[in-house]
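The residues making up each chain are set out below.
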Amino acid sequence: MGTTLWCIAVVCAAPFLVGVPIQRLLNRGRPLDESDWLLTPFIGLAVIVLISQNLVYLDCRSGKSAGLIWALVLLGWAGLAVARLLGRRGGSAPVSVFAAALAVYLFHGMGLLYVGARVYAGHGWQDEFHYVCLAQFFQDARFSTSMDHIGHKVLYGWPTILKTDRIGQSLLHAFFAASTFQDAKTLFEPTILLGPALTLLAVYSLGRRLGLDRGRALAVGVAAALLPAVATMHLDSFLSQ
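Worth saying up front: this structure is predicted, and the values here are computed from it rather than measured. (Residues numbered from 1 in each chain as written. Predicted model: local features only at pLDDT ≥ 70, side-chain atom pairs only at ≥ 80, totals over all residues. Heavy atoms only, no water.)

This next bit is on the state of the cysteines. In this structure the tally under the stated criterion is zero disulfides. Lacking any disulfide linkage, C133 is separated from the closest cysteine sulfur, that of C7, by 18 Å. (Disulfide = S-S within 2.5 Å.)

Structural data, given as structure tokens:
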């Protein structure tokens, strides 16, 4: 249980820890309003993927690039502190929306919490095998590694074929694995469960832009995030989707 909670905490916190300094920079130091806060985790995830993917093409393993990203995050937060911006969060942080997103995450993750991150596999669909292999490959091996160089590490055989095809989600997965000091298998389910939570944030944001009040927008967001189709996406291990 301790490992599972640790993985969930890192996966849920990292998008905000990375995204807030970037969002404050984009806002030129101005306090974040509700729409800014809702974009923050998406910006954080995008920055993680952007840096990781460029570094992996330079043959930097995700196990090392994760350390560089966290160093940049610390610099970002230190910059906010020096600029005395840490206390200027603004009064529009949608705390109730983020709490609902966490509740959705944990609701979809009941199986994960019950069984544990090391062994839980949803429906046990084969897609998880491919994604775990890719993330572990990026964490341990260089991008230039070919089939001729994997030796006895047969786990890396499949990734040498797939490594040039839509790897962003697997680099995010590898980043979380490196950040928690766990293997890719343990971090697969905590990573994919971000899907339902982020669905709530996206639908809530859309509802607000269409003129719904906070209560109705939140109700629509929760309903969308709890749809059986959304559950099927993570239970069948469709990480890219």
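For the structure shown, the criterion picks out six aromatic pairs. On the numbers, 5.2 Å between centres and 85 degrees between planes, the contact of Y57 with F143 is edge-to-face. A residue pair is termed long-range when its members are at least 10 positions apart, and Y57 in helix 2 (residues 34-57) and F143 in the loop between helix 6 (127-140) and helix 7 (157-162) qualify at 86 residues. Take Y57: its relative accessible area is 43%, and that puts it in the partly exposed class. Pairing Y131 with F188 gives two aromatic rings, centres 6.3 Å apart and planes at 20 degrees, and the pair type is stacked. One end of the pair, Y131, is in helix 6; the other, F188, is in helix 9 (residues 184-192), with 57 residues separating them in the sequence. Grouping residues by exposure puts Y131 and F188 together as buried. (Phe/Tyr/Trp six-rings, centres within 6.5 Å; stacked < 30°, edge-to-face > 60°. Helix = DSSP H or I, 4+ residues; strand = E, 2+ residues; numbered from the N terminus. Buried < 20%, exposed > 50% of the residue type's maximum accessible area, 1.4 Å probe, protein only.)

Looking now at the pattern of salt bridges. Evaluated as defined, the whole model comprises three salt bridges. Here R214 and E34 are joined by a salt bridge, their closest N and O atoms 3.3 Å apart. With R214 in helix 11 (residues 214-225) and E34 in helix 2, this pair connects stretches of sequence that are 180 residues apart. For R214, a relative accessible area of 46% corresponds to the partly exposed category. Connected through shared salt-bridge partners, E34, R208 and R214 make up one network. (Salt bridge = Lys/Arg side-chain N within 4 Å of Asp/Glu carboxyl O.)

The next subject is the environment of F16. Structurally, F16 is set in helix 1 (residues 2-26). Distance in space between the C-alpha atoms of F16 and G44 is 6.2 Å, their sequence separation being 28 residues. If sequence neighbours within four positions are ignored, F16 has contacts with P21, T40, P41, W77 and F98. (Contact = heavy atoms within 4.5 Å.)

Within the largest apolar cluster, 45 residues are counted, with the highest numbers of intra-cluster contacts made by V97, Y105, F175, F176, L194, L200 and L201. Broken down by secondary-structure element, the contributors of at least two residues to this core are helix 1, helix 2, helix 3 (62-82), helix 4 (95-108), helix 8 (168-180), helix 10 (194-209), helix 11 and helix 12 (228-235). With seven residues, the single largest contributor to this core is helix 2. With near-sequence residues (within four places) excluded, Y105 lies in contact with I8, V11, C12, P190, L193, L194 and A197. One finds A135, F143, I192 and L239 within the second-largest nonpolar core, a separate group that totals 16 residues. (Core = buried A, V, L, I, M, F, W, Y, C linked by side-chain atoms within 4.5 Å.)

On to the packing of helix 1 against helix 3. Here helix 1 crosses helix 3 at 50 degrees, and the two axes come no closer than 9 Å. Classified by the angle their axes make, helix 1 and helix 3 are oblique. Relative to helix 3, the crossing made by helix 1 is left-handed. Contact residues: A14, F16, L17, V18, V20, P21 and R24 in helix 1; W70, V73, G76, W77 and L80 in helix 3. (Axes fitted to C-alpha atoms, helices over the stretch in contact; angles between N-to-C directions. Parallel < 35°, antiparallel > 145°, perpendicular 65-115°, else oblique. Left-handed = near helix turned anticlockwise from the far one by under 90°.)

With that settled, the discussion passes to the packing of helix 2 against helix 10. The N-to-C vectors of helix 2 and helix 10 enclose an angle of 145 degrees; their axes lie 10 Å apart at closest approach. Note that helix 2 runs across helix 10; the crossing there is left-handed. Two secondary-structure elements touch here, helix 2 through E34, L38, P41, F42 and L45 and helix 10 through L194, L198, L201, A202, Y204, S205 and R208. Partitioning the contact of helix 2 with helix 10 into residue classes produces nine nonpolar, one polar and two charged. (Nonpolar A, V, L, I, M, F, W, Y, C, P; charged D, E, K, R; others polar.)

The calculated volume of the largest pocket comes to roughly 420 Å³. I192, L194, G195, L239 and Q241 are the residues nearest the centre of the largest pocket, which is lined by 19 residues in total. Counting residues per element, the ones that place at least two in the lining of the largest pocket are helix 2, helix 8, helix 9, helix 10 and helix 12. Residue contributions to the lining of the largest pocket peak at five residues, all from helix 10. When grouped by side-chain class, the residues that make up the lining of the largest pocket number twelve nonpolar, seven polar and no charged. C12, F16, F98, A101 and L102 are the residues nearest the centre of the second largest pocket, which is lined by 14 residues in total. Elements with a contribution of two residues or more to the lining of the second largest pocket: helix 1, helix 4 and helix 10. (1 Å grid on protein atoms, 1.4 Å probe; cavity = no way out; pocket = protein on both sides within 12 Å on 5 of 7 lines; lining within 4 Å. Points joined across faces, edges and corners; volume = space filled by probe spheres on them.)

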